[in-house]
Amino acid sequence: MAPLRLGVNIDHVATLRNARGGPRPDPLRAALLAIEAGADGITAHLREDRRHIQDADMARLKESISKPLNFEMAATEQMLDVALKIKPRAVCLVPEKRTERTTEGGLDVVGGHDYLAPFVAELSRAGVRVSLFIEPSAEAISASASIKAPVVELHTGAWCHAVEVGESGLAEREFARLEKAVANAAGQGLEVHAGHGLDYDTARRIAAFPQVVELNIGHFLIGEAVFVGLAEAIRRMRAAMNEGRASKAGTS
Ligand code: PXP
């Protein structure tokens, strides 16, 4: 079975830093510690409003970390310029609304096909691996394949939210949707990642799908770090993912 990578999203270390306007806590320090604790990569989202990660953070991360940097961004000309300068290992294209608290849904890859395709082509030409953050739907997966993105990241937010608020019927329907989408995307030759809202339990369940090769997790880990420390939260997450990987997909 393919190994399952853990990308640790450090945006919310920057959120905390920006609350006071000084240099602490430093997201680069968190990234270095996360790697030491077992992260396979670091994910950071440079939002158009720069509400957490700043341009200088991206440059410092690229410069200083020993594992791949996954640069999340909206598909805009300005972000493309930044990404082409930084040259991260990977870019994940996400939808972005200024008023949202976090990335709310997947990219509109069906309606946005012609708009998105040149971004994927240009980043790919620069040697950056591009993923599209999409809803776990058949339409979004087919559109992603036709945009020629090599990777899709399936949005797990709806499922995780349903689990979190105890809506078990909805949670199982969302999980079944994800299960179908994972098989569908892998069947179309796409590399499959997943992320948004994952905690130890939901990461354990998603890890059981052998086609999923990367999980990107942020908010829960940074929150847990308050209680157990970042390194310990990452070690526990790694252990949950390993347990899930060793189990049969679909069981909890
Ligand atoms: N993947 C993508 C594409 C995201 O936009 C985010 C949130 O920035 C994550 C993963 C991580 O989500 P969370 O912070 O809820 O773990």
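Scroll up to find the structure this text is about.
Residues numbered from 1 in each chain as written. Predicted model: local features only at pLDDT ≥ 70, side-chain atom pairs only at ≥ 80, totals over all residues. Heavy atoms only, no water.

Caption draft 1: Inspection of unusual backbone geometry at higher detail. In this structure, Pro25 follows Arg24 across a cis peptide bond, with omega equal to -5°. By the secondary structure assignment, Pro25 is in the loop between helix H1 (11-20) and helix H2 (27-36). Despite not being glycine, Arg50 has its phi angle at roughly 55°, a positive value. The residue Arg50 is located in the loop between strand E2 (41-45) and helix H3 (55-64) in this model. (Helix = DSSP H or I, 4+ residues; strand = E, 2+ residues; numbered from the N terminus.)

Caption draft 2: Focus on the sheet that holds strand E6 (residues 151-155). Strand order in this closed barrel of eight strands is E1-E2-E3-E4-E5-E6-E7-E8, and the pairing throughout is parallel. The sheet shows a mean angle of 25° between the axes of neighbouring strands, direction not considered. Relative to E2, strand E1 (residues 5-9) runs parallel, the two sharing three bridges. In the strand pairing of E2, Val8 is matched with Ile42. Lying on the sheet, helix H11 (residues 230-246) is in contact with E1 and strand E8 (212-217); it crosses E1 at an angle near 145°. (Pairing = 2+ DSSP bridges. Axes fitted to C-alpha atoms, helices over the stretch in contact; angles between N-to-C directions. Contact = heavy atoms within 4.5 Å.)

Caption draft 3: Seen up close, the pairing of strand E3 (residues 69-73). The buried fraction of E3 amounts to five of the five residues, a majority that puts the element mostly inside the structure. Taking every second residue as pointing to the same face, both faces of E3 are buried, with Leu69, Phe71 and Met73 on one and Asn70 and Glu72 on the other. One ladder, built from four bridges, connects E2 with E3; its direction is parallel. Paired with Ile42 across the strands is Leu69, a residue of E3. Note on the crossover from E2 through H3 to E3: the handedness is right-handed. Of the strand pairs in this sheet, E3 and strand E4 (residues 90-93) are connected by four bridges, and their pairing is parallel. Each residue of the ladder has a partner; that of Phe71, found in E4, is Val91. The handedness of the E3 to E4 crossover, carried by helix H4 (residues 77-86), is right-handed. (Buried < 20%, exposed > 50% of the residue type's maximum accessible area, 1.4 Å probe, protein only. Right-handed = clockwise from strand over helix to strand, strands pointing away.)

Caption draft 4: Representation of the site of the ligand in the model. Lining the immediate surroundings of the ligand are 14 residues, of which Glu72, Glu153, Gly197, Gly218 and His219 lie closest. At 3.4 Å, a side-chain N or O of Asn9 approaches an oxygen atom of the ligand. Contacts to the ligand include Glu153, whose side-chain N or O atom sits 2.5 Å from a nitrogen atom. With the chains in place, 95% of the 400 Å² that the ligand exposes on its own is no longer accessible. Among the residues forming the shell around the ligand, the class breakdown is four nonpolar, seven polar and three charged. (Near = heavy atom within 4 Å. Polar contact = N/O pair within 3.5 Å; in protein donor to acceptor, adjacent residues only side chain to side chain. Areas by Shrake-Rupley, 256 points an atom, 1.4 Å probe, with all protein chains shown as cover. Nonpolar A, V, L, I, M, F, W, Y, C, P; charged D, E, K, R; others polar.)

Caption draft 5: Structural detail: the environment of Asp201. Secondary-structure assignment places Asp201 in helix H9 (residues 200-207). A polar side-chain atom of Asp201 sits 2.7 Å from a polar atom in the side chain of Arg204.

Caption draft 6: Fine view of the state of the cysteines. Enumeration according to the criterion identifies zero disulfides in this entry. The thiol of Cys92 is not disulfide-bonded; the next cysteine sulfur, from Cys160, is found 15 Å away. (Disulfide = S-S within 2.5 Å.)

Caption draft 7: Local environment of helix H8 (residues 168-187). The end-to-end C-alpha distance of H8 is 28 Å, a good match for the 28 Å that 20 residues give at a rise of 1.5 Å each. Buried within H8 we find Ala171, Glu174, Phe175, Leu178, Ala181, Val182 and Ala185. Buried residues of H8, viewed axially, fall in a sector of 125°; they line one side. Exposed side of H8, more than 90 degrees from the buried face: Arg173, Lys180 and Gly187 are the residues found there. Where H8 is buried, its residues meet helix H6 (138-147), E6, helix H7 (157-164), strand E7 (191-195), H9 and E8. Looking one or two places after H8, you find Gly189, whose phi comes out positive at around 85°. (Expected span 1.5 Å × (residues − 1). Arc of directions from axis to C-beta.)

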